[in-house]
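Observations on the three-dimensional arrangement
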Amino acid sequence: MKKLLTVLLLFLSLWAVAQNEQLANNYFDRGEFEKALVSYEELLKGQQGNTNYFQRVVECYQQLQQYDKAEKAIQARLDKYRQNTLLVELGYNYQLQKNQEKANKYFDQAIDKIKKNAPEAYGIAYTFERKALFDYALLAYKTALETDPKLSFNFQMAMIYGQKGEPDLMIETYLLEAYQNPQNLPIIQNQLSRFMTEDADANFNDSLKKALLLRAQKTQDVFWNDFLSWFFVQQKEYGKAFIQQKAIYKRNPDSFSNIVNLAQMAISDNDQDSASEILTFVLENTNDLELLIQAHSYLLDMKIERASAKDYPEITATLDRLIKEFGISPYTLELLELEADFTAFHLNNPEKAKMILKNAMEMPVNRYQMADLKMQMADILLFEEKFNQALIYYSQVSEEMSGDVTGQEAQLKTAKTSYYKGDFEWASHQLKVLKSASTQLIANDALDLFLLISDNTVEDSTQVALKKLARADFLLYQNKKPEALAQFQLILKEHKGEAIEPVTLLRLGKTYEKMGDYTQALDYYANLLNNHKDCIYRDEALYYSAEIYNVNLSDAEKAKPLYEEIIFKHEDSIYFVDSRNKYRKLRGDTNL
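Residues numbered from 1 in each chain as written. Predicted model: local features only at pLDDT ≥ 70, side-chain atom pairs only at ≥ 80, totals over all residues. Heavy atoms only, no water.

Brief notes about the packing of helix α8 (residues 134–147) against helix α9 (residues 154–164)
- Their axes nearest at 10 Å, the elements α8 and α9 cross at an angle of 160 degrees. Judged on the interaxial angle alone, α9 and α8 are roughly antiparallel. Between α8 and α9 lies a crossing whose hand is left-handed. Touching F134, D135, A137, L138, Y141, K142 and L145 of α8 are Q156, M157, I160, Y161, Q163 and K164, all from α9.
- Among the residues making up the contact of α8 with α9, the classes are represented as 8 nonpolar, 2 polar and 3 charged. (Axes fitted to C-alpha atoms, helices over the stretch in contact; angles between N-to-C directions. Helix = DSSP H or I, 4+ residues; strand = E, 2+ residues; numbered from the N terminus. Parallel < 35°, antiparallel > 145°, perpendicular 65-115°, else oblique. Left-handed = near helix turned anticlockwise from the far one by under 90°. Contact = heavy atoms within 4.5 Å. Nonpolar A, V, L, I, M, F, W, Y, C, P; charged D, E, K, R; others polar.)

Pasting the structure below:
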């Protein structure tokens, strides 16, 4: 019983401290420094060694311009604990009083401590940095390096150069750190990518590219080719990234993994020309069975994406030839899945497609491969409008791959199946969960569909128009574009002026775009932009229109104002960064 009471009292004591700290923080954040001071002083009495409480007490004194009390508190703590970071605090207290001479005296004393003991730089430099005394922070690190050259502060110094607005020095220091400590490369690239996507310094990308090119030319070290490849990927310039990967391959012809990954990224960003060039290079330079099958599959998949009915016999012949050449085995699963998808969705032969998948399921495949096969089987059952059977397979994958991206993808397809069926309530229930999915693409798709359902339920509780849209979307899923177009047109006619109109215009534009009818696509996007000034699909219509002019019609002058509108009026759009980069290129900026 005694132990239980002790534990209970301890718990209550900790809870009380936590409550008091929260109260003190609230006062401080609201600028009520007198009240905050009383609370922090009380907390400090109970925990005299607590640095955070002490720091807040001093900051309260300084906010209340009680500099003498702040100095007295700092000096007393310095005498008691001998923490040399407190010399910086003393100096800063004088700086607040505009007594720079005395402030510098204490700052210099802190630097002198580093000369005697270099590791002191960690705490002292950090304290300088926290006070925005960046020059002294750099001096602290440089002094430590002079005292003990074995220490390394490149990362910390690079961050300070960034805060000072000195990008060239920041780049130089980050690159030095990356080369000396390659294990830190991902962190450094993450930091650099933040600056690459900011508008604050338009010359940053140019400076980084020049620094990387200089090192690649000077040292001939593949480390810099790989870094340059990363740089061009950030700019979505996959052709230039491929040049760097080829340079690496010539010196190290044993590995193709980075080149294949690059092809996948190019495909994801719809840069099919670069992807084709990369994959052709793979086919010409490897005998690895897995890589050959992968490259052939990607190339065929891209061809199918752009194909019309007249291309189907050639694609069928190519699939037959490749499957005959490489055989039927777990190694050729990608080709078999591609054949099944093409047979069902393009040749309209779902029975043959299901047979291909059933035979593949009997092979010794791993759990991920089996999940893919079941998912594709569900896709084909959905194509046949066998909704319940499709849901069974999707549910199996979702359960068997719980916690995995594949499981979340199956959940999203389950929600879409409910949407196609017109079961919007159940679809919304599933989509609510998926809005926080770990994969951004799945989360975005889930959010888009959730908003579509909710937005078109508020105005029309009977969901008549939404049911028609779901049917049109399902026809698109079945690759029945003419029928889908007719259904979308019917929605525009019967529900003109309703909430469903803008998304229907967007669907029409996108469908015509995929069919290669860019004039019709642009007309529908323009209709949306001209007649629905406040709708949530404006950024998409702007971006799709800009892409047609830029990529398909090579009309830069018409593309520029569309990208520009996204930059200045849709800063939160997922197309913002890409639009800004493309706008700069069209404008002729050299800092790319």
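Quick notes on the environment of N258
- If you trace the backbone, N258 turns up in helix α15 (residues 257–268).
- It is 9.8 Å that separates the C-alpha atoms of N258 and I248, two residues lying 10 residues apart in sequence.
- Excluding residues that lie within four positions of it along the chain, N258 makes contacts with D226 and Q245.

Topic: the nonpolar core
- Grouped together as the largest cluster of nonpolar side chains are 98 residues, with contacts concentrated most on Y419, L431, L452, I453, L466 and L469.
- Looking at which element gives the most residues to this core, the answer is helix α21 (residues 367–383), with 9 residues.
- With sequence-adjacent residues up to four places away left out, L431 is seen in contact with L412, A415, A446, L449, F450 and I453.
- Core analysis: the next-biggest nonpolar cluster, separate from the first, contains 90 residues, V58, A125, M157 and A178 among them. (Core = buried A, V, L, I, M, F, W, Y, C linked by side-chain atoms within 4.5 Å. Buried < 20%, exposed > 50% of the residue type's maximum accessible area, 1.4 Å probe, protein only.)

So, the packing of aromatic side chains
- If you walk through the whole model with that rule in mind, you get 36 aromatic pairs.
- Between F242 and F281, the aromatic rings sit 5.4 Å apart at their centres with planes inclined by 80 degrees, giving edge-to-face as the arrangement. Of this pair, F242 sits in helix α14 (residues 238–251) while F281 sits in helix α16 (residues 272–285), placing them 39 residues apart in sequence.
- Taken together, the ring pairs connect F345, F383, F387, Y419, Y420, F424, F474 and Y477 into an aromatic cluster.
- Above the ring of W224, the side-chain terminus of R215 is found at 5.6 Å from the ring centroid. (Phe/Tyr/Trp six-rings, centres within 6.5 Å; stacked < 30°, edge-to-face > 60°. Lys NZ or Arg CZ within 6 Å of the ring centre and 35° of its normal.)

Remarks on unusual backbone geometry
- Phi is positive for A132, close to 65 degrees, though the residue is something other than glycine.
- For N479, which is not glycine, the phi torsion reads 65 degrees and is therefore positive.
- Inspection of the secondary structure puts N479 in the loop between α26 (464–477) and α27 (481–494).

Concerning a nonpolar patch on the surface
- Taken together, the side chains of L447, L451 and I536 define a hydrophobic patch exposed on the protein surface, amounting to about 230 Å² of accessible area.
- Relative to the elements of secondary structure, I536 occurs in the loop between α29 (518–531) and α30 (538–552). (Patch = residues over 30% accessible without salt bridge, like charges linked within 9 Å, V, L, I, M, F, W, Y side chains within 5 Å. Areas by Shrake-Rupley, 256 points an atom, 1.4 Å probe, with all protein chains shown as cover. Salt bridge = Lys/Arg side-chain N within 4 Å of Asp/Glu carboxyl O.)

What to know about the pattern of salt bridges
- In total, this model carries 30 salt bridges according to the counting rule given.
- A salt bridge links K354 to E351, with the nearest nitrogen and oxygen atoms 3.2 Å apart. In this pair, K354 and E351 are both assigned in helix α20 (residues 350–361), 3 residues apart and thus about one turn of the helix distant.
- Classification of E351 as partly exposed rests on a relative accessible area of 48%.
- Between E384 and K386 there is a salt bridge, and its shortest N-O distance comes to 3.7 Å.
- For K386, a relative accessible area of 31% puts it in the partly exposed group.
- If you follow the salt bridges from partner to partner, you end up with E351, K354, E384 and K386 in one network.

Keep in mind that these numbers describe shape and distance, not what the molecule does.
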